[in-house]
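# Fold and geometry: a report
Each chain is listed here by its residues.
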Amino acid sequence: MTDELPRTDTAANAAGDAHPAAGEPLLRIEGVAKTFGTFRAVDGVSLDIKAGEFFALLGPSGCGKTTLLRMLAGFEAPDEGRILLGGKDIAQALPHQRPINMMFQNYALFPHLSVRDNIAFGLKRAGMARADIATRVAEMVALVKLDGLEKRKPDQLSGGQRQRVALARALARRPQLLLLDEPLAALDKKLRENTQGELMELQRRLGMTFIIVTHDQEEAMTMADRIGVMNAGKLAQVAGPRELYEAPRSRWIAQFVGDVNLFDAESKLRDGHRLVIGTRDAGTLVVAEPRQPVGESRFSVAIRPEKVKLSRRGPASEAGHETAINRLDGVIADICYLGGTTTYKVKLDAGGVVQASVANSARLDVDAYSLNQQIVAWFSPDDCVVLPS
Amino acid sequence: MRKISRLSRFNIASLALGLAFLYLPILILVIYSFNASRLVTVWGGWSLRWYHEFFGDRAMIEASWMSLRVAVASATIATLIGTLAAVALSRGEGFRGRTLFSGMLYAPLVMPEVITGLSLLLLFVALNAERGFWTVTIAHTTLTMCFVAVVVQSRLGSLDRSLEEAAMDLGCAPVRAFLSVTLPLIAPAIVAGWMLAFTLSLDDLVIASFTTGPGSATLPIRIYSEVRLGVKPEINAICTLVIALIAVVIVIASLASKLSSSQGESAAPL
């Protein structure tokens, strides 16, 4: 296997001379918008992507993430805005004029060509010498571990093998930017997890810039350095996986990324570094002062299920913090055993429902809670997030 | 491996009945083409006499040659126009009136041939065109191009649009992408369309009789006028030759379309 591959290759890329100046992002998307009929698929997206970054565009179907990706590849032209690659505006360039390659969701392998010819396709178009093409194809085949399958046609390959051919074909031209449209959606769960690891490995080793589109938040969290969450054509938040999960910027993001308990606030009182918030469904909650001050608008308190603890009697109160702990009394209304964790739904005496996710750390759990059991759900103020509604 | 479903006696009987219904008349025609007797309905032993007679019949040979030339020319033109129409219709998803256009393209499929023939005749008369080889060729192109368009469009419809996008992504200009990816994939359908157009043109009587002129009769017209004066055994021989030609063309066409569909499908891994 080859370990060192040059980052860019001017022989393969006609426009391969676009190098970002030091400190400049590789790709700059400026106020890009695209309208289909009356539907605004992408609505004023601005985004910088650094060279060597693994970036994920995450969002539900129809949020515009695929349209944005297709504009980067050149299959759609933006109605507004600029797309700068290494400082050059490529917004109106045709796909074959961009040093960008794409891996398609359904792989789009050429059925009439063998694995080798599929991988060599882009190299031939770039006018590479015959011997160089053979070397590069062999390199790619080794890179994605397809040795021995070079002569097969795509319909003689398994789903996982096809995915590798598509990846090798897109990487063969050594693009400055590789776009991946739901690259793992067609694979089964186990294979997908392995492939995620391999993609990350590959990206790190090649030092290439990857932009992946996915609707699977776990996939985005696992692989990406940064994630851009899209909703209704707009970028809702751009952040690293941890920040996105622990400090979502809105109620919608909190709900889209992972599970969350949300309580609508009705009143608030300042108490030192904390806010005392009256909620309709969960009584009074104490939360840490949010970084952004909460205005007069409506807001909610969010707490992730795995940060909610359960006990029969409530936590042993630490001196001085007693009042700060959120204690909610209720009964267990639903138990969902998931193997590694169990999710309990607790019906609160105050009216609401809170979900708690508990790790099953022992094989035999004699202390497991049972349905209709009286319980105390509790969590720390620091684990709560205040979100505008 | 044991066959999962076997034909019951009833199935065999109904299959035999159906095939007999379709092919018994043709079989009789083929057998009688080898008849030595001058009388069509009386068996006089095996002979190749009528084939010999046919190859000596100048008028028949000329009509056959005319039919072949018309079939090749009209099938080729129809394939060109029909393929372009199919590509335009399957590509231009955005353009207004696409449904209307594709409906208009397919109307001649169900149009009675008498109407097609008559309207073309009126056109040629209005244009004061001399009727002969070219008028028949144009008329047959009109008839067969929609068949070609249907065959090619169904193939294009089953083709993944992202294949062409992938080609562009890998460095092809749009036209180049079409030529290097789409065209090879629809080629079998184009071949099948050509064969279909060829056979349709070869056996057409109605439109040809409207649009041809004196001295340029096609084979079906010639045969029809001969039969009106009484069936000569020579006709059987000609018909047998035509059947053989068409059978060969149809087998090639179906092989081509089979090849085409098996290439596009994502079959299970070996």
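Residues numbered from 1 in each chain as written. Chains lettered and ligands numbered in written order. Predicted model: local features only at pLDDT ≥ 70, side-chain atom pairs only at ≥ 80, totals over all residues.

### Description of the overall build of chain B
To be explicit about the condition: Per the convention used, a helix needs a DSSP run of H or I reaching at least four residues, while a strand needs a run of E reaching at least two, with both numbered from the N terminus. Here the contact rule is simple: place C-beta atoms from the backbone, and any two residues whose C-beta atoms are within 7 Å are in contact.
If you tally the helices and strands in chain B, you get eleven helices and zero strands. N-terminal to C-terminal, the α/β element order of chain B is α-α-α-α-α-α-α-α-α-α-α. Overall size of chain B, expressed as C-alpha extent along the three principal axes, is 70 × 65 × 30 Å. In chain B, once contacts between residues fewer than 6 apart in sequence are set aside, the share between residues at least 24 apart is 76%.

### A closer look at the sheet that holds strand 18 (residues 353-359) of chain A
All names here are of chain A. How we decide: Two strands qualify as a pair provided DSSP detects at least 2 bridges between them. In this description, a line fitted to the C-alpha atoms serves as the axis of each element, helices being fitted only across the stretch in contact, and the angle between N-to-C directions of two axes falls anywhere from 0 to 180 degrees.
Reading across from one edge, 15-19-16-17-18 is the order of the five strands in this open sheet, with antiparallel pairing throughout. A strand with exactly one partner marks an edge of an open sheet, and here the two such strands are strand 15 (309-311) and strand 18. Going across the sheet, the axis of each strand differs from the next one's by a mean of 45°, ignoring polarity. Note that strand 17 (residues 341-348) and strand 18 share seven bridges and pair antiparallel. Bridge assignment links K345 to a residue of strand 18, and that residue is Q355.

### Some remarks on the UniProt feature "domain: ABC transporter" (unreviewed entry) in chain A
Rules: UniProt positions are given in the numbering used here, feature names are shortened, and annotations may be inferred rather than shown by experiment.
Following the UniProt record, the feature "domain: ABC transporter" (unreviewed entry) maps to residues 27-257 of chain A here. Across residues 27-257 of chain A one finds 37% helix and 26% strand; the C-alpha atoms that close the span lie 26 Å apart.

### Some points on unusual backbone geometry
Leaving glycine aside, a negative phi is the common case for residues, and trans is the common case for peptide bonds. Defined as follows: In this scheme every C-beta is placed from the backbone, and a residue whose C-beta has 20 or more other C-beta atoms within 10 Å is buried, one with 12 or fewer is exposed, and one in between is partly exposed.
Positioned with a positive phi, N372 of chain A is a non-glycine residue whose angle comes to about 65°. The class of N372 of chain A is exposed, set by 10 C-beta atoms lying within 10 Å. At N128 of chain B, a residue that is not glycine, the phi angle is positive and equals roughly 60°. With respect to the secondary-structure elements, N128 of chain B resides in the loop between helix 5 (113-126) and helix 6 (133-157). For N128 of chain B, a count of 6 C-beta atoms within 10 Å translates into the label exposed.

### A few points about the UniProt feature "transmembrane region" (unreviewed entry) in chain B
Those places that UniProt annotates as "transmembrane region" (unreviewed entry) correspond, in this numbering, to residues 12-34, 70-89, 101-127, 133-152, 173-196 and 235-256 of chain B. For residues 133-152 of chain B, helix accounts for 100% and strand for 0%, while the C-alpha atoms at its two ends are 27 Å apart.

### Overview of the pairing of strand 9 (residues 226-231) of chain A
Residues and elements named next belong to chain A. Two elements, strand 3 (residues 54-58) and strand 9, share four bridges in a ladder whose sense is parallel. By the bridge assignment, L57 is partnered in strand 9 with G228. Note that strand 9 and strand 10 (residues 234-239) share five bridges and pair antiparallel. The partner of V229 across the bridge, within strand 10, is Q237. Remark: two residues form the turn of the hairpin made by strand 9 and strand 10, two consecutive strands paired antiparallel; A232 in that turn has positive phi of roughly 50°.

### A closer look at the interface of chain B and chain A
In this assembly, 21 residues from chain B lie in contact with 21 residues from chain A. Among the elements of the structure, helix 7 (161-169), helix 8 (174-203) and helix 11 (233-264) of chain B are those that each provide at least two residues to the side of chain B that touches chain A. Examining the composition of the side of chain B that touches chain A, we find that six residues originate from one element, helix 7 of chain B, more than from any other.

### Considering the environment of V249 of chain B
All names here are of chain B. Tracing the chain through its elements places V249 in helix 11. Looking at V249, the number of C-beta atoms within 10 Å reads 18, which means it is partly exposed. Along the primary structure V249 and G171 are separated by 78 residues, whereas in three dimensions their C-alpha atoms are 38 Å apart. Apart from the residues within four sequence positions on either side, V249 is in contact with M195, F198 and T199.

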